[in-house]
Each structure stands twice: as C-alpha cells, then as structure tokens.
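For reference, the chains in residue letters:
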Amino acid sequence: MTAAAERGTTVVSDRAVRRIAGRAAQEVTPSAAGGAEGAASVHGGRADIGVKVALPFPARLTDASRRLQAHVTDRTSELTGLRVGTAHVHITKLLPTPAEPPTAPDTHDTSRAPRRWWSPRRLPTAFLALAAAVACGALAHDLLMVHLAHRPAAPWRAETLHWLERHGPDTPPVTAAAAALVALGIVMITLAVTPGRRALLTLNSPDARLRAAVDRKAVALLVRDAAGDVAGVDTVRVRVRRRRIVVRAQLTFGDRQIAHRDITTAAHTVLDACSLRRTPSLRVKVRTNASTPVRAGATDDS
C-alpha cells in the first residue's frame, strides 16, 4: 500500500491564508468596524502574511500591535500548518471606544468654547520685534560709543538728523513715511483684534479647559466620502467655508430628488458627528449627465 505522504500534496492557496489571517485579527479586535483585511503570499511551505486593521482609541498602539502581531502569526500557523513569518500589521485608523451612558446629567460648561480659533501671530510679532531690536540696538550702540568712548556720532545718525532739520512735516517724503507708519499700525491692530486661522473650525468640548478644532479640509473629506456612498453618485465636490458648506454631486443613475435627500441626510449625519461649535449651513446641488436617464418627477437642480 502506498504511504500517505506519497499519494499527493496539500496546497493552501494565498486566498485561504489571507482569510485566515483576517479572521485571526478579528479575534483580537472584534469591535473594529468593517473587520480586518488580510494579505498573504505562500511560497511552498512558508507564508508571508500581513493585516490591515483599525484599533480602538485610546490604546497603547505599541502593545496592541505586538499582541495582534503575535496572535495572527501563531493562529495562522496553527490553522494552516505552514511556517509563518512575523505578520506585518498596518493600522489604518483609530476608532473611538463607545462611551458609556452617563449616570448623571453633564454639568460641564460648554459656553466657553470659542467660535474661532485665535492665531498667536508669531511671524508678524517676530518681524516687528526684530526690526525694533535692530533699530534700538544700533541707536544704543552709537550713543554708548559717543558718551563712553568719546567717538564721533555715526554718519548715518548725523545724516538722519541733518535731513530731518531740512525737511518739515509738510514735505512729501515725511508725509509718505508717516502714511506708511499709519498703514503699518492699522495692519498690526487688525492682526491683533482678528482671530485668524480661518482654515480651522472649533469644536464643542465637554470641558471648558479643553480647546479643540478641526481643519476645513478634513470636514470636506468626511462630507465627500459620505455623499459618495449614496447610490448613483459618481463624483462629489465639497467646499467648506466658515458659514456654509456647498456639496456638488454628479448623478449617474437614479432619481435626483432621492439622491438629494440621501446626500443631505448623510452630510448632516457627518456634521453632527463632528460636533462643531457653529455648524455651517448646508447647500446640496445634484446634477446629471446629458445621457443619464432621469426618472419622472426629478428637477434640474436641488
């Protein structure tokens, strides 16, 4: 009778190993939305594997990734019988852990959350301080050399004083210099009293001591992804301003009014999840191609 080892061979495909690695990763992170995605490459009796997974937040990423790496490697080797190298772990995103329902009403003050994120204006302040330091330093050095070292005044200071003696306040150069200083003062005052950071939208915070903001581009990406998941939508363009969000969607098939409603609902869901301090108004425009069949009852623009 032929020995069992001589009757044939067992081949484990890349697809099977990939699925086993993904399921093994889900055993460690069962709460990850959308599960884990595995990757595998089998070479004879050896397999190289990797997983893409979302981890809960907050968590120690180093410990969590090492634990996930060891479990996926051991579990895949156990189920396939292959020699599995150390699994490569790719963390795609962090998911906030679901908060437990509060046992008491939240009494934190959220009224102190600023509507705009104020800029420290470091660059204008640095330029102004540098210019003032250079001018004052040069003048102080010249005065010290005159009074302590008994040297004549620097030519630039003497020429400046002689020029000022010959030109009064009503001369054009003096008037132009005064106008420039007034303009500079207006610019500095404007920078001091305006918040700046127009690209940031402030968020509501459960603690008045915590300040948080999100970039407009991030909000635009979230709204675009949500609108792109609506059935029939091909391309989506989103423009986020401080007080308005404009969504322009291109519809390839389906009812335009239904698509407009679904896009509006998806966008509002994303904006509510962002918890913005001041939610901008939403405007949705849905258009179709000339060759796209449109069901009866749809309008040209929403």
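Criteria and thresholds
- Residues numbered from 1 in each chain as written.
- Predicted model: local features only at pLDDT ≥ 70, side-chain atom pairs only at ≥ 80, totals over all residues.
- Heavy atoms only, no water.
- Helix = DSSP H or I, 4+ residues; strand = E, 2+ residues; numbered from the N terminus.
- Contact = heavy atoms within 4.5 Å.
- Areas by Shrake-Rupley, 256 points an atom, 1.4 Å probe, with all protein chains shown as cover.
- Patch = residues over 30% accessible without salt bridge, like charges linked within 9 Å, V, L, I, M, F, W, Y side chains within 5 Å.
- Salt bridge = Lys/Arg side-chain N within 4 Å of Asp/Glu carboxyl O.
- Lys, Arg positive; Asp, Glu negative; His and termini not counted.
- Charge placed at Lys NZ, Arg CZ, Asp CG, Glu CD.
- Buried < 20%, exposed > 50% of the residue type's maximum accessible area, 1.4 Å probe, protein only.
- Core = buried A, V, L, I, M, F, W, Y, C linked by side-chain atoms within 4.5 Å.
- Pairing = 2+ DSSP bridges.
- Axes fitted to C-alpha atoms, helices over the stretch in contact; angles between N-to-C directions.
- Parallel < 35°, antiparallel > 145°, perpendicular 65-115°, else oblique.
- Left-handed = near helix turned anticlockwise from the far one by under 90°.
- Nonpolar A, V, L, I, M, F, W, Y, C, P; charged D, E, K, R; others polar.

## Thoughts on the overall build of the protein chain
Link 1 in the chain: Along the protein chain, the regular secondary structure elements total seven helices and nine strands.
Link 2 in the chain: Taking all contacts inside the protein chain whose residues are at least 6 apart in sequence as the whole, residues at least 24 apart take part in 63%.
Link 3 in the chain: Here the protein chain has roughly 20,500 Å² of accessible surface; of this, 58% comes from carbon and sulfur atoms.

## Considering a positive patch on the surface
Link 1 in the chain: There is a patch of like positive charges on the surface, built from Arg237, Arg239, Arg241, Arg244, Arg248 and Arg283.
Link 2 in the chain: Those elements that provide at least two residues to the positive patch are strand S7 (233-240) and strand S8 (244-251).
Link 3 in the chain: Relative to the helices and strands, Arg239 resides in strand S7.

## Side note on the pattern of salt bridges
Link 1 in the chain: Under the criterion given, the structure shown has six salt bridges.
Link 2 in the chain: Between Glu78 and Arg75 there is a salt bridge, with the nearest N and O atoms lying 3.6 Å from each other. Of this pair, Glu78 and Arg75 both sit in helix H2 (residues 61-80), separated by three residues, roughly a single helical turn.
Link 3 in the chain: Here Glu78 falls in the exposed class, since its relative accessible area comes to 57%.

## Some details on the nonpolar core
Link 1 in the chain: Among the nonpolar cores identified, the biggest contains 27 residues, and Val219, Val223, Val238, Val247 and Ile263 are the most heavily contacted of them.
Link 2 in the chain: Contributing elements (two or more residues each) for this core: helix H6 (216-228), S7, S8, helix H7 (256-274) and strand S9 (281-288).
Link 3 in the chain: When near neighbours in sequence (up to four residues on either side) are disregarded, Val238 contacts Ala220, Val223, Arg224, Ile245, Val246 and Val247.
Link 4 in the chain: Listed in part, the 18 residues of the second largest apolar core include Ala36, Val53, Ala64 and Val72.

## Structural notes on the pairing of S8
Link 1 in the chain: Pairing of S7 with S8, which is carried by seven bridges, proceeds in the antiparallel orientation. Counted as the bridge partner of Val240 is Ile245 from S8.
Link 2 in the chain: Linking S7 back to S8 in an antiparallel pair, the connection comprises three residues.

## Focus on the pairing of strand S1 (residues 37-43)
If a strand is regular, its side chains alternate between the two faces of the sheet.
Link 1 in the chain: Every second residue of S1 is oriented toward a common face, the buried set being Gly38, Ala40 and Val42 and the non-buried set Glu37, Ala39, Ser41 and His43.
Link 2 in the chain: The antiparallel hairpin formed by S1 and strand S2 (residues 46-57) contains two residues in its connecting segment, where Gly44 sits at a positive phi of about 65 degrees.

## A short note on a nonpolar patch on the surface
Link 1 in the chain: A contiguous nonpolar surface patch, about 250 Å² in accessible area, is contributed by Phe57, Leu61 and Leu94.
Link 2 in the chain: Inspection of the secondary structure assignment puts Leu94 in strand S4 (residues 88-96).
Link 3 in the chain: With a relative accessible area of 37%, Leu94 lands in the partly exposed category.

## Considerations on the packing of helix H1 (residues 14-28) against H2
Helix-helix packing: each pair is described by the crossing angle between the helix axes and the interaxial distance.
Link 1 in the chain: Between H1 and H2, whose axes approach to 9 Å, the crossing angle comes to 135 degrees. On the basis of their axis angle, the class for H1 and H2 is oblique. Seen along the crossing, H1 lies across H2 with a hand that is right-handed. In this structure, H1 uses Val17, Ile20, Ala21, Ala24, Ala25, Glu27 and Val28 to contact H2, whose residues at the interface are Arg67, Leu68, His71, Val72, Arg75, Thr76, Leu79 and Thr80.
Link 2 in the chain: Broken down by class, the residue content of the contact of H1 with H2 amounts to nine nonpolar, three polar and three charged.

## Considering the environment of Gly254
Link 1 in the chain: For Gly254, the location among the structural elements is in the loop between S8 and H7.
Link 2 in the chain: Here Gly254 falls in the buried class, since its relative accessible area comes to 17%.

## Here's the deal with the sheet that holds S9
Link 1 in the chain: Strand order in this open sheet of three strands is S7-S8-S9, and the pairing throughout is mixed. A strand with exactly one partner marks an edge of an open sheet, and here the two such strands are S7 and S9. Across this sheet, the average inter-strand angle for adjacent strands is 15 degrees, counted without regard to direction.
Link 2 in the chain: Sheet contacts for H7: S7, S8 and S9; angle to S9, the most-contacted strand, approximately 145 degrees.

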